[in-house]
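Given next are the chains, with one letter for each unit.
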Amino acid sequence: MNTKRLAFWVFVIASKIGWSQNTNINYKSAIKLYNLTTVDEQVWSTRLNNTSSLRYQNTSSTFQILYPTIAFQWQSTKNNFHEIELVRFMLGKTSTKTEIVNDSLNNTQTISSGNLNTTAIAVRYEYILTFNKSKERKWVPSIGFAVNPYYHQSSYSPKTSNALPTSNMNIGLKSFIIPRITYFVTSKFFVDVNVPLCFFDTYYSSYKENDPAISVQNRTNANFSFEGFPKFFSGRFGIGLKL
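Residues numbered from 1 in each chain as written. Predicted model: local features only at pLDDT ≥ 70, side-chain atom pairs only at ≥ 80, totals over all residues. Heavy atoms only, no water.

A positive phi angle, near 55°, is found at Lys 78, a position not held by glycine. For Lys 78, the position within the fold is in the loop between strand 3 (68–75) and strand 4 (81–102). One non-glycine residue with positive phi stands out, namely Asn 106, at about 60°. When you line up the elements, Asn 106 lands in the loop between strand 4 and strand 5 (107–130). (Helix = DSSP H or I, 4+ residues; strand = E, 2+ residues; numbered from the N terminus.)

What follows is the structure, encoded as structure tokens:
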């Protein structure tokens, strides 16, 4: 008799626990398609040479409205989540040529020509702490903590003698805190709106110009930078599918 009573109360408690959990976040994995909107200002500099007190300073401002990314999410303990996003992946080659064309003589003269090779890779790993776990809610707030390693390299190979081969490389790491809100439309689909807040960006950059008139040790200018709360603002709107 005691065994039956114990089994009965275990069943009742388990049922209450089951009903007290938000079933919307009770899934093992999901795939997401994001649109990433960013406002980014980057400042970098290169010295004229390793001993000079003078340097070039370059500023680049970018406003990106539409940029799709893909992410995979899987469940951690206590209905929290891991997520990894492919932010950028590009392998490309651009060939350029500038010519003077004489239509009357039907000939051309090449002024400049060359190939620009570009490689860019960036991923973001995020750990997401979820709220509203104990009540059945379609709206679920959460906060994420993320790191974003990135790599960008470009090199220019001229085909004419009036230009020099150059290469530029940046490798770094951004870190984010990401408040978000998720709405579960159906048992399979959900939408996710979040704002990645960048609180530091650290990177190593180098610029190399293969000028035979300059000694080999002075052909490369490199620097390491750390920037807290950089001028980088972004927002993401995502559509998710539970797997």
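One pass over the structure, following the stated rule, counts nine aromatic pairs. Taking the centre distance of 5.4 Å and the plane angle of 45° together, the rings of Phe 184 and Phe 190 count as tilted. The burial state of Phe 184 is the same as that of Phe 190; both residues are buried. Members of the aromatic cluster, joined through ring pairs, are Tyr 27, Phe 81, Phe 184 and Phe 190. In this structure, Lys 174 packs its charged tip against the face of Tyr 150, placed 4.3 Å from the ring centre. Directly above the aromatic system of Tyr 34 lies the positively charged group of Arg 236, at a separation of 4.3 Å from the ring centroid. (Phe/Tyr/Trp six-rings, centres within 6.5 Å; stacked < 30°, edge-to-face > 60°. Buried < 20%, exposed > 50% of the residue type's maximum accessible area, 1.4 Å probe, protein only. Lys NZ or Arg CZ within 6 Å of the ring centre and 35° of its normal.)

So, on to the confidence of the model for the protein. Across the protein, the average pLDDT comes to 86, with 86% of residues at 70 or higher. Here residues 9–19 is a poorly scored stretch, pLDDT under 50, and it has zero contacts once near neighbours within four places are set aside; other chains count. (pLDDT = per-residue confidence, 0-100. Contact = heavy atoms within 4.5 Å.)

Time to look at the environment of Thr 110. Residue position: Thr 110 is located in strand 5. For Thr 110, a relative accessible area of 37% puts it in the partly exposed group. Put simply, Thr 110 and Glu 99 are eleven residues apart on the chain and 4.3 Å apart in space, counted from C-alpha to C-alpha. Contacts of Thr 110, omitting those with residues within four sequence positions, involve Lys 97, Thr 98, Glu 99 and Thr 160.

Our next topic: the pattern of salt bridges. The full count for this structure, using the stated rule, is nine salt bridges. Residues Glu 83 and Lys 32 are paired through a salt bridge, measuring 2.8 Å at the closest nitrogen-oxygen approach. With Glu 83 in strand 4 and Lys 32 in strand 1 (residues 29–47), this residue pair connects regions lying 51 residues apart in the sequence. When its relative accessible area of 1% is taken as the criterion, Glu 83 is described as buried. With a relative accessible area of 2%, Lys 32 lands in the buried category. Here Arg 236 and Glu 85 are joined by a salt bridge, their closest N and O atoms 2.6 Å apart. In this pair, Arg 236 is assigned in strand 11 (residues 232–242) and Glu 85 in strand 4, connecting sequence segments 151 residues apart. Residue Glu 85 is classed as buried on the basis of its relative accessible area, which comes to 2%. Here the salt bridges share partners, and the residues they tie into one network are Lys 32, Glu 83, Glu 85, Arg 124, Glu 126, Arg 180, Asp 192 and Arg 236. (Salt bridge = Lys/Arg side-chain N within 4 Å of Asp/Glu carboxyl O.)

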